[in-house]
Amino acid sequence: MSKDFQNTMKFKLEKEPSDTPRDIFKKVFKALDEKGYDPINQMVGYFISGDPTYITSHQNARAVIRRLERDELLEELVRFYMNNIKLDG
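About the thresholds
- Residues numbered from 1 in each chain as written.
- Predicted model: local features only at pLDDT ≥ 70, side-chain atom pairs only at ≥ 80, totals over all residues.
- Heavy atoms only, no water.
- Salt bridge = Lys/Arg side-chain N within 4 Å of Asp/Glu carboxyl O.
- Buried < 20%, exposed > 50% of the residue type's maximum accessible area, 1.4 Å probe, protein only.
- Helix = DSSP H or I, 4+ residues; strand = E, 2+ residues; numbered from the N terminus.
- Polar contact = N/O pair within 3.5 Å; in protein donor to acceptor, adjacent residues only side chain to side chain.
- Contact = heavy atoms within 4.5 Å.
- Patch = residues over 30% accessible without salt bridge, like charges linked within 9 Å, V, L, I, M, F, W, Y side chains within 5 Å.
- Areas by Shrake-Rupley, 256 points an atom, 1.4 Å probe, with all protein chains shown as cover.
- Core = buried A, V, L, I, M, F, W, Y, C linked by side-chain atoms within 4.5 Å.
- Phe/Tyr/Trp six-rings, centres within 6.5 Å; stacked < 30°, edge-to-face > 60°.

Caption draft 1: Here's a closer look at the pattern of salt bridges. Summed over all chains, the structure comprises 5 salt bridges. Between Asp19 and Lys27 there is a salt bridge, and its shortest N-O distance comes to 3.1 Å. You can call Asp19 buried: its relative accessible area is 13%. Between Glu75 and Arg79 there is a salt bridge whose closest N-O contact spans 2.7 Å. Pair noted here: Glu75 and Arg79 are both in helix 4 (residues 70-83), with a separation of 4 residues, about one helical turn. Through salt bridges with shared partners, one network takes in Asp19, Lys27 and Arg67.

Written out as C-alpha cells, the structure is:
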C-alpha cells in the first residue's frame, strides 16, 4: 500500500484478432473436422437456427464464428460462390 497514488495507472485491453470471413470458416471447419463432426452439416445447422451449440467449442471455434454476424458470413459464402461459378445464359 505504499504506492504513489498521484500516478495514473494504464490499462490496455488487447483487441481480438479481426479475422476475415475466410479465416473464420477455415478455423471452424478444421475444429469441427478434428472433433469428428460433418463441418458442412454443423455450419448449416448454425446458419439456419442461429444456435451456436452446432459449433464445437474445440479450438475456441464457437467464439470464433460469433466474431461476425451470421448474415455477414452468409453474404461472404454467396459472394464466393457466385464469383467462382460459370454463369450460363
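Caption draft 2: Structural detail: the side chain of Thr56. Take Thr56: it is sitting in the loop between helix 2 (39-49) and helix 3 (61-65). Polar side-chain contacts of Thr56 include one of 3.0 Å to the backbone nitrogen of His58. Look past the residues within four positions of Thr56 in its chain and what remains in contact with it is Ala31, Leu32, Lys35, Tyr37, Ala61 and Arg62.

Caption draft 3: Broad picture of a nonpolar patch on the surface. A surface patch of nonpolar side chains, amounting to about 390 Å² of accessible area, comprises Phe29, Ile40, Val44 and Ile48. Among the secondary structure elements, Phe29 is positioned in helix 1 (residues 21-34).

Caption draft 4: Examining the nonpolar core more closely. Within the largest apolar cluster, 14 residues are counted, with the highest numbers of intra-cluster contacts made by Ile24, Val28, Met43, Phe47, Ile55, Ile65 and Leu73. Secondary-structure elements contributing two or more residues to this core are helix 1, helix 2 and helix 3. Those residues in contact with Ile55, other than ones at most four positions away along the chain, are Val28, Leu32, Gln42, Met43, Tyr46, Ala61, Arg62 and Ile65.

Caption draft 5: Representation of the packing of aromatic side chains. Throughout the structure, instances matching the rule amount to 2 aromatic pairs. Ring centres of Tyr46 and Phe47 lie 5.6 Å apart, and the angle between their planes is 50 degrees; this geometry places the pair in the tilted category. For Phe47, a relative accessible area of 12% corresponds to the buried category. Aromatic ring contacts, followed pair by pair, group Phe25, Tyr46 and Phe47 into a single cluster.

Caption draft 6: View of the side chain of Asp19. With respect to the helices and strands, Asp19 occurs in the segment before helix 1. Here the side chain of Asp19 touches Lys27 through a polar contact of 3.1 Å, side chain to side chain. Among the polar contacts listed, one links the side chain of Asp19 to the side chain of Arg67, at a separation of 2.4 Å. The contact partners of Asp19, leaving out residues within four places of it in the chain, are Ile24, Lys27, Val64 and Arg67.

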